[in-house]
Amino acid sequence: MSVIFSRNTVNGNQHRGFSVSSDDDMIDITTTGTVTERSIHYDDPGVSHFAADGDEIPGIGQYEDFHTIDWQRDIARDRMRHRYIVKRKQNSLFDLVKGAHDAWSGWVCVLLVGVTTGVFAGVIDIGASWMSDLKHGICPEAFWLNREQCCWSSNETTLSFDIGNCSQWLNWSEVLGQSREGAGAYIIGYLMYVAWALLFASLAAALVRMFAPYACGSGIPEIKTILSGFIIRGYLGKWTLIIKSVGLMLAVSAGLSLGKEGPMVHIACCIGNILSYLFPKYGRNEAKKREILSAAAAAGVSVAFGAPIGGVLFSLEEVSYYFPLKTLWRSFFCALVAAFVLHSINPFGNEHSVLFFVEYNNPWIFFELVPFVGLGIIGGVIAAIFIRANLYWCRYRKTSRLGQYPVTEVLVVTVVTAVIAYPNPYTRMSTSELIYLLFRKCGVTNMDLICDYNRNFTDVKSSIELAPAGPGVYEAMWLLVLALIFKLVLTVFTFGMKVPCGLFIPSLCFGAIIGRIVGVGMEQLAYNYPSIWLFSGECSTGKDCITPGLYSMVGAAAVLGGVTRMTVSLVVVMFELTGGVRYIVPLMAAAMASKWVGDALGSHGIYDAHINLNGYPFLDSKEEFAHTSLAADVMQPKRNETLSILTQDSMTVEDVETLMKETEHNGFPVIVSRESQYLVGFVLRRDLNLALAQARRAVEGLRPNSLVLFTSSSPQQPPEPSSPAPLVLKNILDMAPITITDQTPMETVVDMFRKLGLRQTLVTHNGRLLGVITKKDVLRYIKQLDNEDPNTVLFN
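The name given to the chain in an unreviewed UniProt entry is Chloride channel protein, with Thrips palmi as the source organism. Here the chain is described in UniProt, under the heading Sequence similarities (unreviewed entry), as follows: "Belongs to the chloride channel (TC 2.A.49) family."

Draft legend 1. Summary view of the overall build of the chain. Across its full length, the chain carries 28 helices and 16 strands. Counting only residues that meet the buried cut, the chain has 54% of its 796 residues in that class. A fraction of 71% describes how many contacts in the chain between residues 6 or more apart in sequence connect residues 24 or more apart. Approximately 34700 Å² of the chain is accessible, and the part contributed by carbon and sulfur atoms is 59%.

Draft legend 2. A look at helix H20 (residues 548–564). With 17 residues, H20 should reach 24 Å at 1.5 Å per residue; the first-to-last C-alpha distance of 24 Å fits that figure. Counting buried positions along H20 yields 17 of 17 residues, so the element is predominantly enclosed. Just downstream of H20, Arg565 is the residue with a positive phi angle, here 65°.

Draft legend 3. Layout of the state of the cysteines. Enumeration over the complete set of coordinates arrives at two disulfides. In this model Cys139 forms its disulfide with Cys150; the gap between the sulfur atoms is 2.1 Å. Here the S-S torsion is close to 75°, and the disulfide linking Cys139 with Cys150 is therefore right-handed. Of the two residues, Cys139 is situated in the loop between strand E6 (137–138) and helix H3 (147–152) and Cys150 in helix H3; the sequence distance between them amounts to 11 residues. For the pair Cys139 and Cys150, one class covers both residues: buried. Disulfide partner of Cys442: Cys451, at an S-S distance of 1.9 Å.

Draft legend 4. Representation of the sheet that holds strand E11 (residues 679–684) within the structure. Across the sheet, which stays open at both edges, the three strands sit in the order E8-E10-E11 with mixed pairing between neighbours. Where the open sheet ends on each side, the last strands, each with one partner, are strand E8 (646–647) and E11. Pairing of strand E10 (residues 667–671) with E11 involves five bridges; the strand directions are antiparallel. Looking at the pairing, Ile671 lines up with Leu679 of E11. Running over the sheet, helix H26 (residues 685–698) touches E8, E10 and E11 and is turned about 75° from E11.

Draft legend 5. A look at the packing of aromatic side chains. Inspection of the entire model under this criterion finds 20 aromatic pairs. Ring centres of Trp172 and Trp196 lie 6.0 Å apart, and the angle between their planes is 25°; on these two criteria the pair is classed as stacked. In this pair, Trp172 is assigned in helix H5 (residues 172–175) and Trp196 in helix H6 (residues 183–211), connecting sequence segments 24 residues apart. Geometrically, the ring pair formed by Phe211 and Trp239 is stacked, given 5.7 Å between the ring centres and 15° between the ring planes. Of this pair, Phe211 sits in helix H6 while Trp239 is found in helix H8 (residues 238–253), placing the two residues 28 residues apart along the sequence. For Trp239, a relative accessible area of 47% gives the class partly exposed. Residue placement shows Lys775 over the ring face of Tyr321; its charged tip is 5.9 Å from the ring centre.

Draft legend 6. Inspection of the pairing of strand E15 (residues 760–765) at higher detail. Of all six residues in E15, five are buried; the element is thus mostly enclosed. Pairing between strand E14 (residues 739–741) and E15: three bridges, direction parallel. Across the sheet, Ile740 pairs through a bridge with Val763, a residue of E15. Of the crossover connections in this fold, the one passing from E14 over helix H27 (residues 746–756) to the parallel E15 is right-handed. Bridge count between E15 and strand E16 (residues 768–774): six bridges; the pairing is antiparallel. Bridged to Thr764 within E16 is Leu769. From the end of E15 to the start of E16, which pair antiparallel, there are two residues, and Asn766 there has a positive phi angle of about 55°.

Draft legend 7. Expanded view of a nonpolar patch on the surface. On the surface, Leu111, Val115, Val119, Val123, Ile126 and Ile345 cluster together into a nonpolar patch covering about 420 Å² of accessible area. Among the elements that line the nonpolar patch, the one with the most residues is helix H2 (residues 93–134), at five residues. The class for Leu111 is partly exposed, based on a relative accessible area of 35%.

Draft legend 8. Fine view of the confidence of the model for the chain. When pLDDT is averaged across the chain, the result is 83; 86% of the residues are at 70 or more. Ranking the elements of the chain by mean pLDDT puts strand E3 (residues 27–32) last, at 30, and H8 first, at 95. Low pLDDT, under 50, characterises residues 1–55; the stretch is placed with 138 contacts to residues that sit more than four places away or in other chains. The low-confidence segment residues 157–164 (pLDDT under 50) makes 11 contacts with residues lying over four places distant or belonging to another chain.

Draft legend 9. The nonpolar core, seen in detail. Membership of the largest hydrophobic core comes to 138 residues, with the highest contact counts inside it found for Phe305, Tyr426, Phe439, Leu508 and Met574. With 11 residues, the single largest contributor to this core is helix H19 (residues 504–528). Here this core spans two domains, since at least three of its residues come from each of domain 1 (113–152 + 160–345) and domain 2 (366–606). Judged by nonpolar contacts, the second largest core, of 23 residues, contains Ile740, Val749, Phe753 and Leu779.

What counts and what doesn't
- Residues numbered from 1 in each chain as written.
- Predicted model: local features only at pLDDT ≥ 70, side-chain atom pairs only at ≥ 80, totals over all residues.
- Heavy atoms only, no water.
- UniProt positions renumbered as here; feature names shortened; annotations may be inferred.
- Helix = DSSP H or I, 4+ residues; strand = E, 2+ residues; numbered from the N terminus.
- Buried < 20%, exposed > 50% of the residue type's maximum accessible area, 1.4 Å probe, protein only.
- Contact = heavy atoms within 4.5 Å.
- Areas by Shrake-Rupley, 256 points an atom, 1.4 Å probe, with all protein chains shown as cover.
- Expected span 1.5 Å × (residues − 1).
- Disulfide = S-S within 2.5 Å.
- Pairing = 2+ DSSP bridges.
- Axes fitted to C-alpha atoms, helices over the stretch in contact; angles between N-to-C directions.
- Phe/Tyr/Trp six-rings, centres within 6.5 Å; stacked < 30°, edge-to-face > 60°.
- Lys NZ or Arg CZ within 6 Å of the ring centre and 35° of its normal.
- Right-handed = clockwise from strand over helix to strand, strands pointing away.
- Patch = residues over 30% accessible without salt bridge, like charges linked within 9 Å, V, L, I, M, F, W, Y side chains within 5 Å.
- Salt bridge = Lys/Arg side-chain N within 4 Å of Asp/Glu carboxyl O.
- pLDDT = per-residue confidence, 0-100.
- Core = buried A, V, L, I, M, F, W, Y, C linked by side-chain atoms within 4.5 Å.
- Domains from an automatic or database assignment.

What follows is the structure, given as structure tokens:
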């Protein structure tokens, strides 16, 4: 009599069958699935075989929360799946179509991610713009229009709109029956501004606290950690996507010193994660899924700044850990689609994807490289001060009672922000509008204080000439200095609160203010001394040779580069923002100076600093391991300690279960025997748990004293007739684990963990197992060498 137990997985559906035949004594286990087709025959009737691999037992091949993935294993699983599909292509038309679907599923997935990201970005831009203007007034004719759109419908000139006299738009004082100007109107506007800010901030904090705790913050430190192979369940889920999108609109509209551009990367990655489950090739493989997430991160920056090329470079330079050429192409395509969709939505009504898009035409003078580099140095210093202050406050928030009251903290910061911001017109407006104002070139229609020059526009078409600054310019400079101090201090307390908050826009604002002040100073120097050699005679003709808006743009790039330590992607983003190739050299000079100064004053950018603060297991590929130590110094267990291992054919089910109860290791090496400790392979704890649980349900006669075999051959000593049949678990065994010797330099080991994405490596000596080095061990060892607490590494 023979027993045939079969379990087939076809197109994701499992089919189990159990049959008995009268052939010779033989157990036949056949598994047909999307990855492997295996038929194993054993002629020993005294052995019970149980087959288990990634597709045979639900859950095997998956990862638990707060664990790292095994890149090599996942890539190998995908190659097996791909070889199986290629092999089946010749069988039928259905298999041919299935193979074609597998080939272009990656492109379809990033297409859907790009379209969805563009739609989400358009909705967020429109919603944030409308709610931001709602703090100041309303459009009675159509309440869903913001102030700019409302004034467009009134057929009034742009000049009247700039000075705030649009008749269609009513301030809250006018809605309540008061006049537009006067003390009463000011008080009403002040109170309504604070009330709306409190309402928006409280809603954002409450939504995050109740529905999606992971929706707070920027998300970029966590995205970097996830792309390096860390599992954070729910961080890229649908609730996080919804609450992050709604909360982001509310937080930005509250007037807090934060931006929506950074969180757009988190939102795009949420979309990429959700849509990847439509394609099992990516949804069931964590390593492949990260290719989609890298493309989604590029799309997030693309829609945030209207810079698709900058988005691809940002994903490559800043967030992605594994970025093959295929991912580069798909990221480019995804960013292109997202930018196209956002441009089609036209959220700002100006045919551009961002509010502060500007264009310059004037060339820059060679001597201006000196103030440009000076702006880079200032940006690096301010960035270093900000990072240290923010880290100090975030560390205090984590270790004090303040962390227990996140909503209260948000409300207090919102009240302080609104009360102090309203009197200053440059802090009352949204940060994006302020950046646009600082980037703009003064002309006929710009009537702000910052453009109060003593110019006489007799001919509108004539070129703008150098002119002395009027009293409005000096007043604007003082207001901008106050705005810089106010925003710099409050952003320290705001970034890291339990609301969605980004740092790109505040950083750009810091630098834009400094750059505008320096630019106005250079402009007045050129006006008063046009013939000195510094200006190479360019300003002697009286034409407008200095562009303060360019200094503002360079300063913005300098501070943002100092805060994030971006270089190439930053220059490309700023170039795409302005549309001028002639300003690449000033941007490059400022970005490099800012990075050098920032690196000299602090080793990490803001995102890497927050990764360290939160204890995420992130091995930065940009850092060098400069210590001369060996693998034997880091491996576990230490000298004279017991190594937790499995033997290939001498342990019972009870022994295995006892070992798992007494230890917390995520995997166990398998050796030949305790006497001969030659390495056989490695088995994961999760896979072992699942295989034993499945065996209890599927295998009859399984007892605690049943032998567990990690080999296909029978044990050397034949079992007694009364003993239960052994349980064969060879199929969950990794027969080719990454191994090193105990004399391998740790510099090489760290490079292997970084470049191969290892989860662990086994240490041997002359083929005999000595110990294990995990990613956690490497991170703890690095922290110990840096005189930091090694127990801060977050690892389950």
